[in-house]
Amino acid sequence: MDPLFIAASPTSPEVDFRFDQHTLSIKGESYPENAAAFYGPVIARVQAYLDSCADAEITVHVSLAYFNSSSTKMLFTFFEALNNAAMAGNQVRLNWYHDEDDDTILEFGQELQDDFGALDFHDHAVSN
């Protein structure tokens, strides 16, 4: 499957999915005008990739400095797809990066850990 790369914009994150290397990365800020329009095709590509995985070791890097409520809903759909892939026998490591002083992003990561227990969750506090 061809990689998926979307450069960051002022309102949307960089998406760098290297499917052949089983590495998915999202970083930046996420408050696009239409989160469903931005994330819909991204999630569709991820789902197609995950459907082709069997006993894969998938590494996910998420480093979002800010995301709005509509992005949150789409991100939950993304993490749900990853969690389902993990429950189907794949190893999915989620590296969650956040500013060490940002309790909101930290707490969202902790919520993900609670909600998506099949993911191998790793919290990374980053200093400025």
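In case you missed it, the structure is sitting above this.
In this report, the structure presented in the accompanying data block is examined. (Residues numbered from 1 in each chain as written. Predicted model: local features only at pLDDT ≥ 70, side-chain atom pairs only at ≥ 80, totals over all residues. Heavy atoms only, no water.)

## Re the overall build of the protein chain
In step 1: A tally of helices and strands in the protein chain yields 3 helices and 6 strands.
In step 2: For the protein chain, the N- to C-terminal ordering of α and β elements is β-β-β-α-β-α-β-α-β.
In step 3: Taking 128 residues into account, the globule formula puts the C-alpha radius of gyration at 14 Å, and the protein chain, at 14 Å, falls close to it.
In step 4: Referenced to the eigenvectors of the C-alpha coordinate spread, the extents of the protein chain come out at roughly 35 × 25 × 25 Å.
In step 5: Relative to its 128 residues, the protein chain shows a buried fraction of 42%. (Helix = DSSP H or I, 4+ residues; strand = E, 2+ residues; numbered from the N terminus. Rg over C-alpha atoms; globule rule 2.2 N^0.38 Å. Buried < 20%, exposed > 50% of the residue type's maximum accessible area, 1.4 Å probe, protein only.)

## Section: a negative patch on the surface
In step 1: A grouping of Glu 100, Asp 101, Asp 103 and Glu 107 is seen on the molecular surface, where their side chains present a negatively charged patch.
In step 2: Note on placement: Asp 101 falls in the loop between strand S5 (91-99) and helix H3 (103-115).
In step 3: What makes Asp 101 exposed here is its relative accessible area of 60%. (Patch = residues over 30% accessible without salt bridge, like charges linked within 9 Å, V, L, I, M, F, W, Y side chains within 5 Å. Areas by Shrake-Rupley, 256 points an atom, 1.4 Å probe, with all protein chains shown as cover. Salt bridge = Lys/Arg side-chain N within 4 Å of Asp/Glu carboxyl O. Lys, Arg positive; Asp, Glu negative; His and termini not counted. Charge placed at Lys NZ, Arg CZ, Asp CG, Glu CD.)

## Describing the nonpolar core
In step 1: In terms of nonpolar packing, the biggest core is built from 39 residues, with Phe 17, Leu 24, Phe 78 and Phe 79 touching the most fellow members.
In step 2: Looking at this core, the elements that each hand over two or more residues are strand S2 (14-18), strand S3 (23-30), helix H1 (35-51), strand S4 (57-67), helix H2 (69-87), S5 and H3.
In step 3: In terms of residue count, the dominant contributor to this core is H2 (9 residues).
In step 4: Apart from residues no more than four positions distant in its own chain, Phe 79 is found in contact with Val 62, Leu 94, Trp 96, Phe 108, Leu 112, Phe 116 and Leu 119. (Core = buried A, V, L, I, M, F, W, Y, C linked by side-chain atoms within 4.5 Å. Contact = heavy atoms within 4.5 Å.)

## Concerning the sheet that holds S5
In step 1: Spatially, S1-S2-S3-S4-S5-S6 is the arrangement adopted by the 6 strands of the open sheet, whose pairing is mixed. Here the strands that pair on one side only, and so sit at the sheet edges, are strand S1 (4-6) and strand S6 (120-126). Averaged over all neighbouring strand pairs, the angle between strand axes comes to 10°, with direction disregarded.
In step 2: Taken together, the 3 bridges between S1 and S2 define a ladder with antiparallel strand orientation. Each residue of the ladder has a partner; that of Phe 5, found in S2, is Asp 16. (Pairing = 2+ DSSP bridges. Axes fitted to C-alpha atoms, helices over the stretch in contact; angles between N-to-C directions.)

## Regarding the packing of H2 against H3
In step 1: Taken N-terminus to C-terminus, the directions of H2 and H3 make an angle of 40°; their axes are 11 Å apart at the nearest point. For the pair H2 and H3, the crossing hand works out as right-handed. Here Thr 72, Phe 76 and Phe 79 of H2 come into contact with H3, specifically with Phe 108, Glu 111, Leu 112 and Asp 115. (Left-handed = near helix turned anticlockwise from the far one by under 90°.)

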